[in-house]
Amino acid sequence: MPLPADLPTPLTPIQDPVLSRAGVELRLKRDDLLHPTVPGNKWRKLTPNLEHALAEGHTRLVTFGGAYSTHLRATAAAARVLGLSSVGVVRGEELADRPRNPSLAAAEADGMQLEFVARGAYRELVRDLGRPLAQRWGRCLVLPEGGSNALAVRGTAALPAELGDLDGRDTVCCAVGTGGTLAGIAAGLPPGARALGVAVLRGEGYLEEEVAALHRAAYGRTFANWRIDHGHHGGGYGKVPAALEEFAAGFGERHGIGVERRYVAKALQAVYGLAGTAALPPGSRVTLVVTGLPAGPGAAGTGLSRS
Ligand SMILES: *Cc1c(COP(=O)(O)O)cnc(C)c1O
C-alpha cells in the first residue's frame, strides 16, 4: 500500500432521540480518521491510482479542481509522500495573481505546480483529460477532476466490507460530488443493502449518468441498488445556508465530532430529513460515511468551523 492508513476506520453509533422516534438507527463510518493529510474518500480513491502510477514508473501526477478542491490538496500531499511531482489545473484564471486560499496554499506547500485556466478552457481540459496541455507536462498520469475513475471506484468499493454484516435494512449514505465514492460503495454492497448519495451541488440528472458511466468503466455493468437525493444541496456547491450551519454545529457539539460543511453536513442533514419517510423507513439502519475533515487549522473535532 503506497500510503499506509488506519484501516478499518471506526464505526461510531449515534444516539439521537429524533432518529429513535423515526425508528432509524445511525452509525458513522469515520473515514475522516483514515489518514492525516489524504483524508477519507480521497485516500480510498487515490490509493489504487497511486499504485498504478508507481507500477507504470510515472514520476508526475496531473489533475484538476476548483479553488477549494480537496482532491487537489490530497493529490499534492500524496504525491509528496511518494516523491512524485504534481501539477494541479485550477478553474479560474483570475485566481493566479490573488493570495492563495488555504486549500491552494497547502497544495503549493506540498510542491504542487498550479496552472490557472479560464473557466471555459477548464471545462474543455477536464473533458479531454488535459490533452491540449500534455506537451507541457511530459510523461504523466492524468487523474480526472475529483479523482473519480475506474480505479478510484474499485478503491471505494472496499468500504462496505468494513461495515460488518449488512442486509435489507441497511442503507449506506454518502455525499456526492463527482459520484466516484457513491459508485464504489454501491458496487461493494452485498445483496439487499442499498446506497444513498446526497448531491451537494445542483446537479439534477447528470450525476446519475456519471455514476452509471463509472460503473460501466469499472465493472462493465450497471447497478440498481443506489439512488441520489437532490433535495439537500443547500443551494449549490459550497453554499452553507444558516439552517445547515446551525444543524451541523449542533450535531458537532452534541456528539463531539467536527462536521465538514461542504459535503458531510449535507449528507447528515439528509439522513435526519429523510428518517422515517419512505426513503429511510422505520427499521432502517443508516451508515453515514464521514468522507472528510472540516477545513482549517484546529477545525477538526470542534464542530464549530465554517469551511
Ligand atoms: C471530495 C469529497 C466528496 C465527494 O466525493 P465524490 O467521489 O467526488 O462524489 C465527499 N465528501 C468529502 C468530504 C470530499 O472531500
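Rules used throughout
Residues numbered from 1 in each chain as written. Predicted model: local features only at pLDDT ≥ 70, side-chain atom pairs only at ≥ 80, totals over all residues. Heavy atoms only, no water. UniProt positions renumbered as here; feature names shortened; annotations may be inferred. Axes fitted to C-alpha atoms, helices over the stretch in contact; angles between N-to-C directions. Helix = DSSP H or I, 4+ residues; strand = E, 2+ residues; numbered from the N terminus. Parallel < 35°, antiparallel > 145°, perpendicular 65-115°, else oblique. Left-handed = near helix turned anticlockwise from the far one by under 90°. Contact = heavy atoms within 4.5 Å. Nonpolar A, V, L, I, M, F, W, Y, C, P; charged D, E, K, R; others polar. Near = heavy atom within 4 Å. Polar contact = N/O pair within 3.5 Å; in protein donor to acceptor, adjacent residues only side chain to side chain. Areas by Shrake-Rupley, 256 points an atom, 1.4 Å probe, with all protein chains shown as cover. 1 Å grid on protein atoms, 1.4 Å probe; cavity = no way out; pocket = protein on both sides within 12 Å on 5 of 7 lines; lining within 4 Å. Points joined across faces, edges and corners; volume = space filled by probe spheres on them. Buried < 20%, exposed > 50% of the residue type's maximum accessible area, 1.4 Å probe, protein only. Lys, Arg positive; Asp, Glu negative; His and termini not counted. Salt bridge = Lys/Arg side-chain N within 4 Å of Asp/Glu carboxyl O. Core = buried A, V, L, I, M, F, W, Y, C linked by side-chain atoms within 4.5 Å. Pairing = 2+ DSSP bridges.

- Naming follows an unreviewed UniProt entry, where the chain appears as Pyridoxal-phosphate dependent enzyme of Kitasatospora arboriphila.
- The UniProt entry for the chain carries the following text under Cofactor (unreviewed entry): "pyridoxal 5'-phosphate".

**With respect to the packing of helix α3 (residues 70–82) against helix α4 (residues 102–109)**
Next, step 1: Between α3 and α4, the shortest axis-to-axis distance is 8 Å and the interhelical angle comes to 15°. Classified by the angle their axes make, α3 and α4 are roughly parallel. Pair α3 / α4 crosses with left-handed handedness. Mapping the contact onto sequence places L72, R73, A76 and R80 in α3 and P102, S103, L104, A106, A107 and A109 in α4.
Next, step 2: Here the contact of α3 with α4 is built from residues that sort into seven nonpolar, one polar and two charged.

**Remarks on the UniProt feature "domain: Tryptophan synthase beta chain-like PALP" (unreviewed entry) in the chain**
Next, step 1: On the UniProt side, "domain: Tryptophan synthase beta chain-like PALP" (unreviewed entry) is annotated at positions that read residues 7–292 here.
Next, step 2: A helix fraction of 39% and a strand fraction of 18% characterise residues 7–292, whose end C-alpha atoms lie 15 Å from each other.

**A word on the site of the ligand**
Next, step 1: Near the ligand, the surroundings consist of 15 residues, among which K42, K45, T178, T181 and T291 are the closest.
Next, step 2: Between N41 and the ligand, the recorded distance is 2.9 Å, taken from a side-chain N or O atom to an oxygen atom.
Next, step 3: K45 has a polar side-chain atom sitting 2.7 Å from an oxygen atom of the ligand.
Next, step 4: For the ligand, whose unbound accessible area comes to 390 Å², protein coverage reaches 96%.
Next, step 5: Contributing elements (two or more residues each) for the shell around the ligand: α2 (40–55) and α8 (180–188).

**Digging into the packing of α2 against α3**
Next, step 1: Running from amino to carboxyl end, α2 crosses α3 at an angle of 45°, the nearest separation of the two axes being 11 Å. The pairing of α2 with α3 is recorded here as oblique in orientation. With respect to the hand of their crossing, α2 and α3 are arranged in right-handed fashion. Side by side, α2 and α3 meet where K42, L46, L50 and L54 of the first sit next to T70, H71, A74, T75, A78 and L82 of the second.

**Concerning empty space enclosed by the protein**
Next, step 1: Taken as a whole and judged by the stated rule, the model has one cavity of 30 Å³ or more.
Next, step 2: A volume near 40 Å³ is recorded for the largest cavity.
Next, step 3: In terms of lining, the largest cavity is formed by L28, F251, I257, G258, V259, V264, L268, L288 and V290.
Next, step 4: Looking at the lining of the largest cavity residue by residue, the classes come out as eight nonpolar, one polar and no charged.

**Observations regarding the side chain of K42**
Next, step 1: The topology assignment puts K42 in helix α2.
Next, step 2: At 8.2 Å, E260 is the nearest oppositely charged side chain to K42, a buried residue that forms no salt bridge.

**Notes on the nonpolar core**
In a soluble, globular protein the nonpolar side chains are often hidden away together inside.
Next, step 1: Ranked by internal contacts, the top residues of the largest apolar core, which has 59 residues, are L26 and L288.
Next, step 2: Broken down by element, the residue count for this core peaks at eight residues, all from helix α11 (residues 264–274).
Next, step 3: Residues within four places of L26 in sequence aside, it is in contact with T12, P13, I14, L19, L268, V271, Y272, V286 and L288.
Next, step 4: The next biggest cluster of nonpolar side chains, apart from the first, holds 15 residues, and it includes L3, L46, A74 and L84.

**Description of the sheet that holds strand β1 (residues 11–14)**
Sheet strands line up and pair through hydrogen bonds in the backbone, either parallel or antiparallel.
Next, step 1: Strand order in the open sheet formed by six strands is β1-β2-β10-β7-β8-β9, with mixed pairing between adjacent strands. Where the open sheet ends on each side, the last strands, each with one partner, are β1 and β9 (226–229). Averaged over neighbouring strand pairs, the angle between their axes works out to 25° when direction is ignored.
Next, step 2: Of the strand pairs in this sheet, strand β7 (residues 170–176) and strand β10 (residues 285–289) are connected by four bridges, and their pairing is parallel. Note that in β10 the partner of D170 across the bridge is R285.
Next, step 3: Docked against the sheet, helix α9 (residues 206–219) engages β7, β8 (194–199) and β9, running at close to 150° with respect to β9.

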